[in-house]
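Analysis of the macromolecular model
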Amino acid sequence: MASRYLLSCLGLFFLSYILSGCGGEPSNNKKKEALQYAEKGLTYAQMGNFSKAVENTKEAIDIWPNHAEFYHSLGLIYGSAGDYAESNSCYQKALELKPNYPECYKELADNHKILGNQGLSDVYYKQYLDLSKKK
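The structure reproduced in this document is the subject of the present report.

Moving on to helix 4 (residues 68-80). With 13 residues, helix 4 extends 19 Å from end C-alpha to end C-alpha; this agrees with the ideal 18 Å at 1.5 Å per step. Of all the 13 residues making up helix 4, 13 are buried; the element is thus mostly covered by neighbouring parts of the structure. Of the residues flanking the end of helix 4, it is Gly82, one or two places downstream, whose phi is positive at about 90°.

Structure follows, in structure tokens:
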């Protein structure tokens, strides 16, 4: 389960990633709007209001659908709420957009371990370790 610390770190990661110009490129105004929704989502998640966190993060995704980090964030929110199946779907979508995204493999490993799928957990954790070594 993602901690408030992890969600805070994710917020800083978003900001640096978006400012670096990565991902699909909506207009600058749309980027700002998506970022505002994503930040609201993280704030709601930190407060434990997962329905509002999901709602705002989905708004960010609607504006910037090719931004893998928003799906990663949504996965963390669902995981924090205990919805591991939905969390895993979000991580898989993030990996479709950004195949070498080690954090998603780590979260998938953690979720599958919680769900009792040790074999899948081991596979994802190995992928996480392999990608982390390349950084």
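This paragraph deals with the pattern of salt bridges. With the rule as written, the count across this model stands at 6 salt bridges. In this structure, Lys98 and Glu69 form a salt bridge, with 2.8 Å as the shortest nitrogen-oxygen distance. Of this pair, Lys98 sits in the loop between helix 5 (84-97) and helix 6 (102-114) while Glu69 is found in helix 4, placing the two residues 29 residues apart along the sequence. Judged by its relative accessible area of 0%, Glu69 is buried. Of the charged contacts, one joins Lys93 and Glu96 as a salt bridge, the two residues approaching to 3.7 Å between their closest N and O atoms. Of this pair, Lys93 and Glu96 both sit in helix 5, 3 residues apart, which is roughly one turn of the helix.

With that out of the way, let us pick up the packing of helix 3 (residues 50-63) against helix 4. Put simply, helix 3 and helix 4 touch, their axes get as near as 10 Å, and they point 165° apart. By the angle between their axes, helix 3 is roughly antiparallel relative to helix 4. Helix 3 and helix 4 meet at a crossing whose hand is left-handed. Between helix 3 and helix 4, the contacting residues are Phe50, Ala53, Val54, Thr57, Lys58, Ala60 and Ile61 on the first element and Phe70, Tyr71, Ser73, Leu74, Ile77, Tyr78 and Ser80 on the second. Looking at side-chain class alone, the contact of helix 3 with helix 4 contains 10 nonpolar, 3 polar and 1 charged residues.

Reading guide: rules and limits
- Residues numbered from 1 in each chain as written.
- Predicted model: local features only at pLDDT ≥ 70, side-chain atom pairs only at ≥ 80, totals over all residues.
- Heavy atoms only, no water.
- Helix = DSSP H or I, 4+ residues; strand = E, 2+ residues; numbered from the N terminus.
- Expected span 1.5 Å × (residues − 1).
- Buried < 20%, exposed > 50% of the residue type's maximum accessible area, 1.4 Å probe, protein only.
- Salt bridge = Lys/Arg side-chain N within 4 Å of Asp/Glu carboxyl O.
- Axes fitted to C-alpha atoms, helices over the stretch in contact; angles between N-to-C directions.
- Parallel < 35°, antiparallel > 145°, perpendicular 65-115°, else oblique.
- Left-handed = near helix turned anticlockwise from the far one by under 90°.
- Contact = heavy atoms within 4.5 Å.
- Nonpolar A, V, L, I, M, F, W, Y, C, P; charged D, E, K, R; others polar.

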